[in-house]
Amino acid sequence: MIVGEQKPIAEIMEIIEPYKKILILGCGTCVKTCFAGGEDEVAVLASTIRLVCKKDGKEIKKITEQTVERQCENEFIQEASQNISQNEAVLSLACGAGVQAIAKRFPKAPVLPGINTTFIGIQEKHGIFTEECQGCGDCKLGRFGAICPITRCSKKLLNGPCGGSQKGKCEVNANTDCAWQLIIDRLTDLGQLNNLIDYIPPKNWQSSISGGPRTLIREDHIV
Amino acid sequence: MTNISNLQKVLKEGKFAVTAECGPPRGANTAVVNKKAGLIKGFVDAVNVTDNQTAIVRMSSIAACSHLIQAGCEPIMQMVVRDRNRIALQSDILGAWSLGIKNILCLSGDHQTFGSQPDALNVFDIDSMHLIRTVKNMRDEGKDMSGFNLDEPPRMFIGAAANPFADPFEYRVIRLAKKIDAGADFIQTQCIYNMDRFKKWIRLADDEGLTDKVHILAGVTPLKSAGMAKYMKNKVAGMDVPDSVIKRMESVPKEKASEEGIKICLETIAELREIKGVHGIHLMAIEWEEKVAEIVKNAGLMPRS
């Protein structure tokens, strides 16, 4: 899923400052799962904003709360059209794709991000999320025992661990597992360590962001 | 200009090689480089010039190498893949060769979070293994990574790093073999304080026939103080400083500590010279270049050619 976290309240207050009537628009899928932008977070954020206004002696903003299933899909975005037209701005609690999807569909509405989108990851444990994928567009997980060195090695190394890996931890952070230790351990367990003996050539980054913004076209689904 | 470097010649002749290290200044002052050159000239076969080591901005390795050549020293240009993509790396290799730089050490580089500008964007377009192969292909095939035929290939002597003290230990020899296959002519290791582990590593490399395929220069760094030993153990990535070494540094009065550090270094060199597969030492006297001559002389490694 796309993992994100809500922006600090001070930053949110600053970006909504010019508007008196705002719609806080939640997103009910990824960012809901990581406790950043579902119905509950929308409600809590609305109350917090009112409290901060009161505390600072400012005019209390008129806030409308709504959460759609997915802000990245037109079908769900349309549900918010009435609320969007009745407010001065949208404070979107979606990932960056959701914020931009709203902006694309509603050219006249100021859309503000309430979340910092962080990464594509998984919920490791309740409340702990880890980055697992950079969406590079050319998946080679089969070779690396389903552990991605592009994402999980701090140096994106393809031919084995750097000289800083010690006791299974990355040199960058003692709390981060060395991806190469994980890869080697797993391939050893699978009896596939041979995957790592051959030279692995440089990555072609054209399928990643280095190739410019990407578009996926599924001709078979275009109607 | 001859194509063969002095370091290459020394190793080819089967002599025990000595290399040192020179960190360029955090500024554009040529005098700093020249001063270091004056301290080591004649005492080493070649000198490594670091490439923004620990991710701190310094005078470029290429420029400092060029100054060293002017000062009569042979440089080994270190090059990390952290800061430049494959286009910039290849371009710099060609430029370096054009300036008379004949040795290169291909590295991944310390992560930028250790440096003075942790907010920098890193590159890591290719890895150190790819850089080794790229230089080899440029040299032996005369082609850049796109397959373009170069007008005058860079005929560099190619080095790579190995760290016998990093994990997973069992994979370290496989990785060394990969670096040799990719094109490494010589290897410089991380500083050795844990001799047992180093011996275990080189024995495994020797069992695989790797010490016949590549020249291994064993890394040594003289300790200045017990504090430095502790710092290296705890703060420097990939270092293995056993407690016995720290205790030994602590056992002497503070004013005698640097002397003891040099004593340990000399004992280490003597032991390394007896190990099959060790073809030289790489003396990393970090910002202590004035001690290089003394160490090389007292280790019985003079005269250099």
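Notes on the structure in this doc start here.

Reading the values: rules and limits
- Residues numbered from 1 in each chain as written.
- Chains lettered and ligands numbered in written order.
- Predicted model: local features only at pLDDT ≥ 70, side-chain atom pairs only at ≥ 80, totals over all residues.
- Heavy atoms only, no water.
- Helix = DSSP H or I, 4+ residues; strand = E, 2+ residues; numbered from the N terminus.
- Rg over C-alpha atoms; globule rule 2.2 N^0.38 Å.
- Buried < 20%, exposed > 50% of the residue type's maximum accessible area, 1.4 Å probe, protein only.
- Contact = heavy atoms within 4.5 Å.
- Axes fitted to C-alpha atoms, helices over the stretch in contact; angles between N-to-C directions.
- Parallel < 35°, antiparallel > 145°, perpendicular 65-115°, else oblique.
- Left-handed = near helix turned anticlockwise from the far one by under 90°.
- Nonpolar A, V, L, I, M, F, W, Y, C, P; charged D, E, K, R; others polar.
- Buried area = accessible area lost by both parts, 1.4 Å probe.
- Salt bridge = Lys/Arg side-chain N within 4 Å of Asp/Glu carboxyl O.
- Polar contact = N/O pair within 3.5 Å; in protein donor to acceptor, adjacent residues only side chain to side chain.

**A short note on the overall build of chain B**
Link 1 in the chain: For chain B, the helix and strand inventory stands at 11 helices and 8 strands.
Link 2 in the chain: The C-alpha atoms of chain B give 18 Å as radius of gyration, which agrees with the globular expectation for 305 residues (19 Å, within 12%).
Link 3 in the chain: Based on the C-alpha atoms only, the size of chain B along its principal axes is roughly 60 × 45 × 45 Å.
Link 4 in the chain: Counting over 305 residues, chain B shows a buried share of 58%.
Link 5 in the chain: Expressed as a percentage of contacts within chain B between residues at least 6 apart in sequence, the contacts between residues at least 24 apart total 80%.

**As for the packing of helix 7 (residues 195–207) of chain B against helix 10 (residues 257–273) of chain B**
All names here are of chain B.
Link 1 in the chain: It is the contact of helix 7 with helix 10, at a shortest axis distance of 12 Å, that shows an interaxial angle of 20°. It follows from the interaxial angle that helix 7 and helix 10 lie roughly parallel. Crossing hand, helix 7 versus helix 10: right-handed. From helix 7, Met195, Phe198 and Lys199 reach across to helix 10, where they touch Thr268, Glu271 and Leu272.
Link 2 in the chain: Here the contact of helix 7 with helix 10 is composed, by residue class, of 3 nonpolar, 1 polar and 2 charged.

**A closer look at unusual backbone geometry**
All names here are of chain B.
Link 1 in the chain: Cis geometry marks the peptide bond from Asp167 to Pro168; its omega dihedral reads -10°.
Link 2 in the chain: Tracing the chain through its elements places Pro168 in the loop between strand 5 (157–162) and helix 6 (169–182).
Link 3 in the chain: Note the cis peptide between Met302 and Pro303, where omega equals 0°.
Link 4 in the chain: Its place among the elements puts Pro303 in the segment after helix 11 (292–298).

**Details of the packing of helix 9 (residues 243–250) of chain B against helix 10 of chain B**
Residues and elements named next belong to chain B.
Link 1 in the chain: The interhelical angle for the contact between helix 9 and helix 10, taken along N-to-C directions, is 140°, at an axis separation of 9 Å. Judged by the inter-axis angle, helix 9 sits oblique to helix 10. Note on element contacts: helix 10 touches helix 9 through Ala257, Glu260, Gly261, Lys263, Ile264 and Glu267, opposite Val245, Arg248 and Met249.
Link 2 in the chain: Grouping the constituent residues of the contact of helix 9 with helix 10 by class yields 4 nonpolar, 1 polar and 4 charged.

**Focus on the interface of chain B and chain A**
Link 1 in the chain: At the junction of the two partners, chain B supplies 31 residues and chain A supplies 29 residues.
Link 2 in the chain: The junction of chain B with chain A conceals about 2400 Å² of combined surface from both sides, 53% of it contributed by carbon and sulfur atoms.
Link 3 in the chain: The tally of links from chain B across to chain A stands at 0 salt bridges.
Link 4 in the chain: Put simply, chain B and chain A have 24 residue pairs in polar contact (both at pLDDT 80 or more) between them.
Link 5 in the chain: Listing elements by their share of the side of chain B that touches chain A, those giving two or more residues are helix 5 (128–141) and helix 6 of chain B.
Link 6 in the chain: Looking at the side of chain B that touches chain A, the element that brings in the most residues is helix 6 of chain B, giving 5 residues.
Link 7 in the chain: Here the side of chain B that touches chain A is composed, by residue class, of 13 nonpolar, 8 polar and 10 charged.

**A short note on the side chain of Lys179(B)**
Link 1 in the chain: Within the fold, Lys179(B) resides in helix 6.
Link 2 in the chain: If we skip the residues at most four places from it in the chain, Lys179(B) touches Ser128(B), Met129(B), Ile132(B), Ala160(B), Ala161(B) and Ala184(B).

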